[in-house]
Amino acid sequence: LPPNGTVERAALIHREILQLAVLILVAIGAFLLTRAVAASNRDTNARDAAEWYRRGQQAMATGHVNDAIDSLRRATTKDGSDTRYMLALARALAVEGDADGARSVLVTLRESAPEDAAVNLQLAQLAAAQADVTEALRFYHNALDARWPVQEAGARREVHLELIRFLLTQEQAGRALSELLALSADLPDDAPLRLEVAQLFAKAGDNRHALEQFQEVLGLAPENGDALAGAGQAAFQLGEYPLAHTYLRRAPTEKDDVKNTREIVDLLLTHDPLAARLGSAERRRRLEGDFSYAQQRLSACLEQRPAGSSSDVVSGLQSEARTFEDQLKSPSALEQDTVEAGIDLITRIEHVVVQQCGPPTALDRALGLIGRQHGAEPR
Amino acid sequence: VSTPPRAQQLRLRENQLFLILTIVIGVLAGLAAVLFTVAIEQTSHRLFGLDPSRLRLFAVPPLVSVLTGLLLAKVFPDVRGSGVPQTEAAYHLARGAIPAHVPIGKFITGVLCIGSGHSMGREGPSVQIGAGLASLIGRWLRLSPQRVRDLVPVGAAGALAAAFNTPVAAVLFALEEIIGDMNAALLGSTVVASVAAVIVERSILGNEPLFHVPTYRLMHPAELAAYAALGVLGGVVSLVFCKGLLALRGLFSRLPHRTKVFQPAIGGLVIGGMLVYSPAIMGVGYEYVDQALNGGMLLKTMAILCVLKLAATVMSYASGNAGGIFAPSLYIGAMAGGAVGMVVHRIAPFPTGEPGAYALVGMGTLFAGIIRAPMTSVFMIFEITQDYQILVPLMVANMLSFAISRRYQPVPVYHALLHQDGVHLPSPVTQAPMSVRTARHLMWTDNVPFISPDLSVEHARQWAREHDAPAYLVGTRDRLEGSVTRRQLEQWYESGKAADPIVALLGDSFVHVHPDHPIDVVLERLSRSGGMLPVVSRTEAHRLEGVITPDSLLTFEHRPLAGEI
């Protein structure tokens, strides 16, 4: 400040204020200029990124994965804000077998968007590819819990199904079942979808829910062959043979398993001596028929074996069979106890025959199931 | 209410003005740094296009370097290289005065050099541009020289904060590197400028981090040994870089002066050839650092890029182009670290972190080894990761790299570069407090005897016999070549070098002091000088200011210092 005089001091202060004002104006001008230049640069980068992305996708489509990776990397460098580029890069890296690289890209992306469904889904798929159940479950759930637009509910369900399929391949039936129960609680009336859910229930070993879902499908599409077959199989597994027969009767028989099951069910329903509403003649006929078949199987089995190699079990069964043959001739043959004892003996013979003399026939299996149904257990 | 005393009023007004200026300079320096970054990207885009051909990769660097060579030789001669050493010199030796053409020239040549593919960084030039703007504004506002000087690190911190998006590291860099004192009173001002610059930068470029860094985890305590090995490797690579840079730059500086205009183009030609082989070494190269951090590179690729980038940066810088070594040191460090990480990942018998974590630590390691700012390095990586867990391995690796680099390259690279230009910065060890008498008080300036540098040893010996003194200066007052003792002359004469000119026998450096060196430094160096200690300028190390002999000490007349009664 000048040593004296308020006029000089005021002039100095005015000059400084003016200079500061000029500086502030320059700063504002520079800010606007820089912002405009930066925006133009951003547009250029976005255009370049889009072009690299296009080239990357093209390279992926033609199977040039390395070129695709290179292009997609450039796209992500030019415009890091577009998650499509990062996701495409991660996908390309995963295809190339660079799981670590793909995971790294996705983890980075996830840090900025932890609830992004697509990012979590890709991370889940990477973990699934490496059979890492814990990580896969975590990321699949993150993906499922993410905010999905209403119109993408189908895509969300598809992710859920993907998780269930993965769990089943990893023999995690319990976890798969809990996911299936959650999924089935909110299914639309969509026959193919319900059919898949029913099949997954069946695969997970829950035939009751599988049957329910198959029945739902049949409600929507009564002649759906897969649903009929599935429902028949589920009912068969549940021991509901008449119901199984109803479905399997209508199911197409192109598939061997459907044909075989239907044959067994037919045999089951026509050979069970303890079936309801049977006349005494029919009951006797069935018991005699079953027993005679079991005896033949046992004799044939003994003939196949080298002399002197028959065990005490087989000899015991032969002796029991002879005794039971005598009982069958008596009037008490149709008493409940005798029929049950007969079924028990047939079951035990079938068990030994199947164990020692080759693959079971359809009737062997049917007789075994009849025995099991009536509480006969092989000893 | 009593009016405050006049001196207090003055201080108060200047302090208020300084605070406002700090904010304005922070904003302007930040804007300049952002504009510089964007301009480099745009230039690179225009010159190389989306997918350059091999011919274009080869031709662009030398062709543009012809233009920048002209600019650097004829229009902006003092804007070559990084800008950090020049800023330090302006702060310590020129009271913060940076000519107006420097920030302008640095901006233009920096954009052209880095944008045309030279392997150089944008942070160093940003520092010089920010500091230059600050100095310009301070002088325009007619602030006191001390205040103008104080504004230089403020502008530098603002520019660096915006260029690297790390405000704390920028403040530390200004204190550690520019001022050279971590306890500087300018801490508050640099913080304010740094924050203002970062706010501006983020408002324009968004909050996108410079690098996408994966979450760091120390998987096993034994991993620290691997990080220590990385620190040792980082120290060695830093040494190779510094020694190589100084050697090649020395080679270029010894070429005839008329070639100076073409030297950047020679560098451009070499860089063009390297770009044809590997375009990944082009320019700043942060996208490749990002790839290394995220495990997107193969071991072989990283090892090759580490070597190529080092060679390219040394060539670009040494040939006199405008650009920094800040970004290349991070690049080289990331590649070296990533490569070490991959090897460790493959052979270690214990669980190890991702190679990206090693790349990250490698960045800090090379920065600590080359730039020699260990605190800045640690905080910079910490700011990038925002992860406390990385601090321990980072500090282990950084300190080892720093120690190795300092052991075998005692002068930091920025100071060594200034030495090559004849500028000697005061070091904290030899800096004299205000109250201490210095070489300036001891030296005498009249009747200094000089031996002509072209004189043969035989003639010099004869001349010395006629002028009794323990040692003699060789050269002139404006171009001092060194000093020689009588004993040295006798030895050269007896070893058959009688006809050789003296200047050919002198070493590259000679024992000297600067006028501001304290007496204890003078005494130590006088004992090594042979009895005739030249006092030379700090800004022109070959210009003689005076001489000190043992007699100077005996005849030293006590003169009161300024303010002393």
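Predicted model only: the values in this text are computed from it and were never measured.

A. Inspection of the packing of helix H7 (residues 153-169) of chain A against helix H9 (residues 191-204) of chain A at higher detail. All names here are of chain A. Viewed as axis vectors pointing N to C, H7 and H9 meet at an angle of 20 degrees, and their least axial separation amounts to 11 Å. The pairing of H7 with H9 is recorded here as roughly parallel in orientation. Of the two elements, H7 crosses H9, and the hand of that crossing is left-handed. In this structure, H7 contributes Arg157, Leu161, Ile164, Arg165 and Leu168 to the contact, and H9 contributes Leu193, Glu196, Val197, Leu200, Lys203 and Ala204. Of the residues belonging to the contact of H7 with H9, the class tally is seven nonpolar, no polar and four charged.

B. Geometry of a nonpolar patch on the surface. On the surface, Leu18, Val22 and Val26 of chain A together with Trp140 of chain B cluster together into a nonpolar patch covering about 370 Å² of accessible area. Broken down by element, the residue count for the nonpolar patch peaks at three residues, all from helix H1 (residues 6-61) of chain A. Of note, Leu18 of chain A is situated in helix H1.

C. The arrangement of the nonpolar core in detail. Formed by 143 residues in total, the largest nonpolar core has its most connected members in Leu21, Phe173, Phe211, Phe241, Met335, Met363 and Met380 of chain B. Once residues lying within four places of it in the same chain are set aside, the contact partners of Phe241 of chain B are Leu310, Thr313, Val314, Ile325, Ile332 and Ile370 of chain B. Listed in part, the 107 residues of the second largest apolar core include Ala136, Leu177, Leu268 and Cys301 of chain A.

D. Just the confidence of the model for chain B, in detail. Per-residue confidence for chain B gives a mean pLDDT of 88, with 94% of residues at or over 70. This prediction of the complex comes with two scores: 0.76 for pTM and 0.80 for ipTM.

E. Here's a closer look at the environment of Ser292 of chain A. On the secondary structure map, Ser292 of chain A appears in helix H14 (residues 280-304). Judged by its relative accessible area of 31%, Ser292 of chain A falls in the partly exposed class.

F. Highlighting the pattern of salt bridges. What the rule picks out here adds up to 27 salt bridges over all chains. One salt bridge connects Arg55 of chain A with Asp51 of chain B, and the closest N-O pair in it is separated by 3.2 Å. Residue Arg55 of chain A is located in helix H1, and its partner Asp51 of chain B is located in the loop between helix H1 (6-48) and helix H2 (54-75); the two belong to separate chains. Since its relative accessible area comes to 27%, Arg55 of chain A is described here as partly exposed. A relative accessible area of 47% places Asp51 of chain B in the partly exposed class. Taken together, the shared-partner salt bridges connect Glu51, Arg54 and Arg55 of chain A together with Asp51 of chain B into one network.

G. Broad picture of the environment of His101 of chain B. Residues and elements named next belong to chain B. Mapped onto the elements of the fold, His101 is located in helix H4 (residues 101-115). On a C-alpha basis, the gap between His101 and Leu136 in space is 9.8 Å, while along the polypeptide they are 35 residues apart. Once you skip the residues sitting within four places of it in the chain, His101 turns out to touch Val75, Phe76 and Asp78. For His101, the side chain forms a polar contact with the side chain of Asp78, separated by 3.1 Å.

H. Highlighting the interface of chain B and chain A. Across the contact, 37 residues belong to chain B and 37 residues belong to chain A. Roughly 3400 Å² is buried in total at the junction of chain B and chain A, and carbon and sulfur atoms are behind 60% of that figure. Applying the counting criterion to the chain B and chain A interface returns one salt bridge. Where chain B packs against chain A, one counts nine residue pairs in polar contact (both at pLDDT 80 or more). Sort the elements by how many residues they give to the side of chain B that touches chain A and H1 of chain B lands first, with 17 residues. In terms of residue class, the side of chain B that touches chain A is built from 20 nonpolar, 10 polar and seven charged.

I. Layout of the packing of aromatic side chains. Summed over the entire model, instances satisfying the criterion amount to 14 aromatic pairs over all chains. When the ring of Phe164 of chain B is compared with that of Phe326 of chain B, the centres are 5.4 Å apart and the planes differ by 65 degrees; the resulting orientation is edge-to-face. Of this pair, Phe164 of chain B sits in helix H6 (residues 145-164) while Phe326 of chain B sits in helix H13 (residues 326-347), placing them 162 residues apart in sequence. The pair Phe164 of chain B / Phe326 of chain B is uniform in exposure class, with both members buried. Of note, Arg74 of chain A hangs over the ring of Trp52 of chain A, and the distance from its end group to the ring centre comes to 4.7 Å. The lysine or arginine in question, Arg461 of chain B, covers the ring of Tyr493 of chain B, its NZ or CZ lying 3.7 Å from the ring centre.

J. How the structure looks around the sheet that holds strand E2 (residues 471-475) of chain B. Residues and elements named next belong to chain B. Read across the sheet, three strands follow the order E1-E2-E3 without closing on themselves; strand pairing throughout is mixed. Of all strands in the sheet, those with a lone pairing partner are strand E1 (450-451) and strand E3 (480-485), marking the two edges. Two elements, E1 and E2, share two bridges in a ladder whose sense is parallel. Opposite Phe450, over in E2, you have Leu473 as the bridge partner.

K. Inspection of the side chain of Thr376 of chain B at higher detail. Residues and elements named next belong to chain B. By the secondary structure assignment, Thr376 is in helix H15 (residues 374-385). You can call Thr376 buried: its relative accessible area is 1%. Residues within four places of Thr376 in sequence aside, it is in contact with Ala169, Leu172, Phe173, Glu176 and Phe367.

L. Broad picture of the pairing of strand E4 (residues 533-536) of chain B. All names here are of chain B. Residues Leu533 and Val535 line one face of E4 and the alternating positions Pro534 and Val536 line the opposite face, and both faces are buried. In the sheet, E4 pairs with strand E5 (residues 544-548) via four bridges, with the strands oriented antiparallel. Paired with Leu533 across the bridge in E5 is Ile548.

M. Focus on H2 of chain B. Residue and element names in this part refer to chain B. Helix length check: H2 (22 residues) gives 32 Å between terminal C-alpha atoms against 32 Å at 1.5 Å per residue, within 8%. Remark: the principal bend of H2, roughly 30 degrees, maps to Val60, with a proline, Pro61, within the next four residues. Here H2 has its buried residues at Leu57, Val60, Pro61, Pro62, Val64, Ser65, Thr68, Gly69, Leu71 and Leu72.

N. Local environment of the state of the cysteines. Taken as a whole and judged by the stated rule, the model has zero disulfides over all chains. Cys242 of chain B provides the cysteine sulfur closest to Cys306 of chain B, a residue in no disulfide bond, and the two sulfurs are 14 Å apart.

O. Quick peek at the side chain of Asp290 of chain B. Along the chain, Asp290 of chain B turns up in helix H11 (residues 286-293). No salt bridge is formed by the buried Asp290 of chain B; the nearest opposite charge belongs to Arg73 of chain A, separated by 7.4 Å. When sequence neighbours within four positions are dropped, the list of residues in contact with Asp290 of chain B reads Leu210, Phe211 and His212 of chain B.

P. Structural context of the packing of H7 of chain A against helix H8 (residues 173-184) of chain A. Residue and element names in this part refer to chain A. Running from amino to carboxyl end, H7 crosses H8 at an angle of 160 degrees, the nearest separation of the two axes being 8 Å. Here H8 runs roughly antiparallel to H7, going by the angle between their axes. The element H7 and its partner H8 pack so that their crossing is left-handed. Judged by residue contacts, Arg157, His160, Leu161, Leu163, Ile164, Leu167 and Leu168 of H7 engage Ala173, Arg175, Ala176, Glu179, Leu180, Ala182 and Leu183 from H8.

Q. Up close: helix H13 (residues 256-271) of chain A. Residue and element names in this part refer to chain A. Taking 1.5 Å per residue, 16 residues should reach 22 Å; H13 reaches 22 Å between its end C-alpha atoms and fits that length. All of the buried residues in H13 are Val258, Thr261, Ile264, Val265, Leu267 and Leu268. Of the surrounding elements, those touching the buried residues of H13 are helix H11 (225-238), helix H12 (241-250) and helix H17 (362-373).

R. Expanded view of unusual backbone geometry. Residue and element names in this part refer to chain B. Here Asn165, not a glycine, exhibits a phi torsion of approximately 60 degrees, which is positive. With respect to the element layout, Asn165 can be found in the loop between H6 and helix H7 (167-179). Despite not being glycine, Arg372 shows a phi value in the positive range, around 65 degrees. Within the secondary structure, Arg372 sits in the loop between helix H14 (355-370) and H15. The exposure class of Arg372 is buried, given its relative accessible area of 9%.

Procedures and definitions
- Residues numbered from 1 in each chain as written.
- Chains lettered and ligands numbered in written order.
- Predicted model: local features only at pLDDT ≥ 70, side-chain atom pairs only at ≥ 80, totals over all residues.
- Heavy atoms only, no water.
- Axes fitted to C-alpha atoms, helices over the stretch in contact; angles between N-to-C directions.
- Helix = DSSP H or I, 4+ residues; strand = E, 2+ residues; numbered from the N terminus.
- Parallel < 35°, antiparallel > 145°, perpendicular 65-115°, else oblique.
- Left-handed = near helix turned anticlockwise from the far one by under 90°.
- Contact = heavy atoms within 4.5 Å.
- Nonpolar A, V, L, I, M, F, W, Y, C, P; charged D, E, K, R; others polar.
- Patch = residues over 30% accessible without salt bridge, like charges linked within 9 Å, V, L, I, M, F, W, Y side chains within 5 Å.
- Areas by Shrake-Rupley, 256 points an atom, 1.4 Å probe, with all protein chains shown as cover.
- Salt bridge = Lys/Arg side-chain N within 4 Å of Asp/Glu carboxyl O.
- Core = buried A, V, L, I, M, F, W, Y, C linked by side-chain atoms within 4.5 Å.
- Buried < 20%, exposed > 50% of the residue type's maximum accessible area, 1.4 Å probe, protein only.
- pLDDT = per-residue confidence, 0-100.
- Polar contact = N/O pair within 3.5 Å; in protein donor to acceptor, adjacent residues only side chain to side chain.
- Buried area = accessible area lost by both parts, 1.4 Å probe.
- Phe/Tyr/Trp six-rings, centres within 6.5 Å; stacked < 30°, edge-to-face > 60°.
- Lys NZ or Arg CZ within 6 Å of the ring centre and 35° of its normal.
- Pairing = 2+ DSSP bridges.
- Expected span 1.5 Å × (residues − 1).
- Bend = angle between axes of the 7 residues up to and from the residue.
- Disulfide = S-S within 2.5 Å.
- Lys, Arg positive; Asp, Glu negative; His and termini not counted.

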